[in-house]
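Descriptive analysis of the structure
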Amino acid sequence: MSEQKGVLVIGGGMSGLTTAIEIAEAGYNAFIVERNPYLGGRVAQLNKYFWKLCPPTCGLEIQFKRIRNNDRIKLFTLAEVEDIKGEEGNFDVTIKVKPRYVNDKCVGCDACAQACPSYRDNEFNYGMNKTKAAYLPFDQAFPFQYVVDTQHCPEDCKKPCLDACKYDAIDFNMKTDALNLNVGAIVMATGWNLYDAKKIDNLSFGNIQNVITNMMMERISAPNGPTNGKIIRPSDGKEVKKIAFVQCAGSRDDNHLPYCSYICCLASLKQATYVREQYPESKVQIFYIDLRTPGLYENRFLSKIKADTNVTLTKGKVAKVSEDSETKDVIIEAEDVQGGRKIKERFDMVVLAAGMVPSTKDSKALKDVSYTPEGFVDTSTKKGVYAVGTLKSPVDVAMSVRDATGAALKGIQSLKR
């Protein structure tokens, strides 16, 4: 029997994992290329996700087990697609794999990190804390394998790591590698990026320490986050007893993102429950243009939030966000459309519901793919190349998983044609 061609899946988030697993379990080869040193994407960074409001590990660990049990899946982390040539049934793909500086002998003992004298900003937690230069991306990372960030590891930093590792897992001789694959189809599953809230001048992100984004809020609320799940504000560690959520931070704005990012309303409602559960006496105020909660469960969730007398929903745009220089409290000036007035309120912390941007604009290789002006993949894209989930439009995790199953079927059809 001749060697069977497989499907390349670019991106190892929930969409990419689902696509690759469905392809492999149908009896075909799948190759996952992920730029991070771990799989799981944005979902891995969440505290909880819909619909069951469970931690991401409850879904990701099932996917990781399916990968471990299927030898038809080959994964490459710290890897990026450099070039794609060819057509459906015969794509030649060039992949660049960066060195991890830790080999497969790693058992995750943490000895290298304990011995390492250097630190780096923790991008998994959006820079809100630091890790050692030798680090595990997060506590349940897959693959469960450490990484050495040599940009923050000077020459005199290397010896302590080498001496500490009993398993000869540290290898500073690793080099960037290039490999070539020949595949029959390609699935784009590179996910989304958070809109740069620093571009929204009136919301003061980056200038006021206690103004954070929705994804930063997820990390603060997570037990494995920078504060071990304690919702405290960055400036002084004060417990957040009064908090505001500002919706459409960039979205539905012709100066920033002209479209609705879909997930933001539900995400803020969910995060309101984080605060209310942790601090029963806390007050939450949500400033919104329109509350969009499509679906039966989603509307029930909105009704549950509305029933909480400590949560105030204010329809109106936020005009200005400023800071009390002495207390570091955040001051919001906004309109209250339904009340017919302008309001000025003080909060411990403000969370911006920053919009969702497709990651397509970062792609180096897929030059033949058609995009909308906003950067989403056009549905009439190149034959044999399929986009999934948030690359086509803003969607939630559940919709991404459903779409990934469809992309797996399309990839298999390309292999059979």
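Residues numbered from 1 in each chain as written. Predicted model: local features only at pLDDT ≥ 70, side-chain atom pairs only at ≥ 80, totals over all residues. Heavy atoms only, no water.

Across the interface, helix α6 (residues 264–278) lies against helix α7 (residues 296–306) with an axial gap of 11 Å and an inter-helix angle of 45°. By the angle between their axes, α6 is oblique relative to α7. Along this stretch, α6 crosses α7, giving a crossing that reads as left-handed. When α6 is examined against α7, the residues Leu266, Leu269, Lys270 and Thr273 are found in contact with a partner set consisting of Glu298, Phe301, Leu302 and Ile305. Of the residues that constitute the contact of α6 with α7, the class distribution is 5 nonpolar, 1 polar and 2 charged. (Axes fitted to C-alpha atoms, helices over the stretch in contact; angles between N-to-C directions. Helix = DSSP H or I, 4+ residues; strand = E, 2+ residues; numbered from the N terminus. Parallel < 35°, antiparallel > 145°, perpendicular 65-115°, else oblique. Left-handed = near helix turned anticlockwise from the far one by under 90°. Contact = heavy atoms within 4.5 Å. Nonpolar A, V, L, I, M, F, W, Y, C, P; charged D, E, K, R; others polar.)

This part is about the sheet that holds strand β13 (residues 242–249). Strand order in the open sheet formed by 5 strands is β12-β19-β13-β14-β15, and the pairing between neighbours is parallel. The sheet is open, and its two borders are formed by β12 (211–213) and β15 (311–315), each paired with just one other strand. On average, each strand axis in the sheet is inclined to that of its neighbour by 20°, with strand direction left out of account. When β12 meets strand β19 (residues 349–354), the two strands line up parallel, connected through 3 bridges. The residue bridging Val211 from the neighbouring strand is Val350, located in β19. Across the face of the sheet, α6 comes into contact with β13, β14 (283–288), β15 and β19 while running at roughly 170° to β13. (Pairing = 2+ DSSP bridges.)

Helix length check: helix α8 (residues 397–416), at 20 residues, gives a terminal C-alpha distance of 29 Å against a target of 28 Å (1.5 Å per residue), a fit within 8%. Taken as a whole, α8 has its buried residues at Val397, Ser400, Ala404, Ala407, Ala408, Gly411, Ile412 and Ser414. End-on, the buried residues of α8 take up no more than an arc of 150°, which puts them together on one face. Turned more than 90 degrees away from the buried face of α8, the exposed residues are Arg402 and Lys416. (Expected span 1.5 Å × (residues − 1). Buried < 20%, exposed > 50% of the residue type's maximum accessible area, 1.4 Å probe, protein only. Arc of directions from axis to C-beta.)

Pairing analysis gives 5 bridges linking β14 to β15, with the strands arranged parallel. Within the sheet, the bridge partner assigned to Phe287 lies in β15 and is Thr314. Crossover connection from β14 via α7 to parallel β15: handedness right-handed. (Right-handed = clockwise from strand over helix to strand, strands pointing away.)

Note on helix geometry: an α-helix contains 3.6 residues per turn, so any two residues three or four positions apart are oriented the same way. Counting buried positions along helix α5 (residues 214–221) gives 8 out of 8 residues, so the element sits mostly inside the fold. Considered for burial, the residues of α5 that qualify are Asn214, Met215, Met216, Met217, Glu218, Arg219, Ile220 and Ser221. Packed against the buried residues of α5 are β11 (192–194), β12, β13, α6 and β19.

We note that the domain assignment places domain 1 (6–98 + 176–193 + 357–416), domain 2 (111–164) and domain 3 (196–354) within the chain. Look at where the C-alpha atoms of domain 1 and domain 2 centre, and you get two points 27 Å apart. In this assembly, 13 residues from domain 1 lie in contact with 11 residues from domain 2. Together, the buried faces of domain 1 and domain 2 total about 1,000 Å²; carbon and sulfur atoms form 70% of this surface. When the area that domain 1 buries against domain 2 is broken down by residue, the three leading residues are Pro37, Tyr38 and Gln45, summing to 45%. If you look at where domain 1 meets domain 2, you find 0 salt bridges. There are 4 residue pairs in polar contact (both at pLDDT 80 or more) connecting domain 1 and domain 2. (Domains from an automatic or database assignment. Buried area = accessible area lost by both parts, 1.4 Å probe. Salt bridge = Lys/Arg side-chain N within 4 Å of Asp/Glu carboxyl O. Polar contact = N/O pair within 3.5 Å; in protein donor to acceptor, adjacent residues only side chain to side chain.)

Bringing the nonpolar core into the picture now. Counting residues in each nonpolar core, the largest one holds 59 residues, and the members touching the most others are Ile67 and Val148. The greatest single-element share of this core, amounting to 6 residues, is contributed by helix α1 (residues 14–25). Composition of this core by domain shows at least three residues from each of domain 1 (6–98 + 176–193 + 357–416) and domain 2 (111–164). Filtering out sequence-adjacent residues up to four positions away, Val148 remains in contact with Arg100, Tyr101, Val102, Ala133, Ala134, Cys153, Ile170 and Phe172. With 47 residues, the next largest nonpolar core counts Phe245, Ile343, Met349 and Phe376 among its residues. (Core = buried A, V, L, I, M, F, W, Y, C linked by side-chain atoms within 4.5 Å.)

Overall, the coordinates contain 27 salt bridges when judged by the stated rule. Among the ionic pairs, Lys98 bridges to Glu80, the shortest N-O distance being 3.9 Å. Of the two residues, Lys98 sits in the loop between β5 (90–97) and α3 (111–115) while Glu80 sits in strand β4 (residues 79–87), which places them 18 residues apart along the sequence. Here Lys98 falls in the partly exposed class, since its relative accessible area comes to 40%. Salt-bridge contacts for Glu155 lead to Lys158; the nearest nitrogen and oxygen are separated by 3.4 Å. Here Glu155 pairs with Lys158, and both are found in helix α4 (residues 155–164), just 3 residues apart, close to one helical turn. According to the relative accessible area criterion, Glu155 is exposed, its value standing at 61%. What you see here is one network of salt bridges that share partners, running through Arg233, Asp236, Asp324, Asp329 and Arg346.

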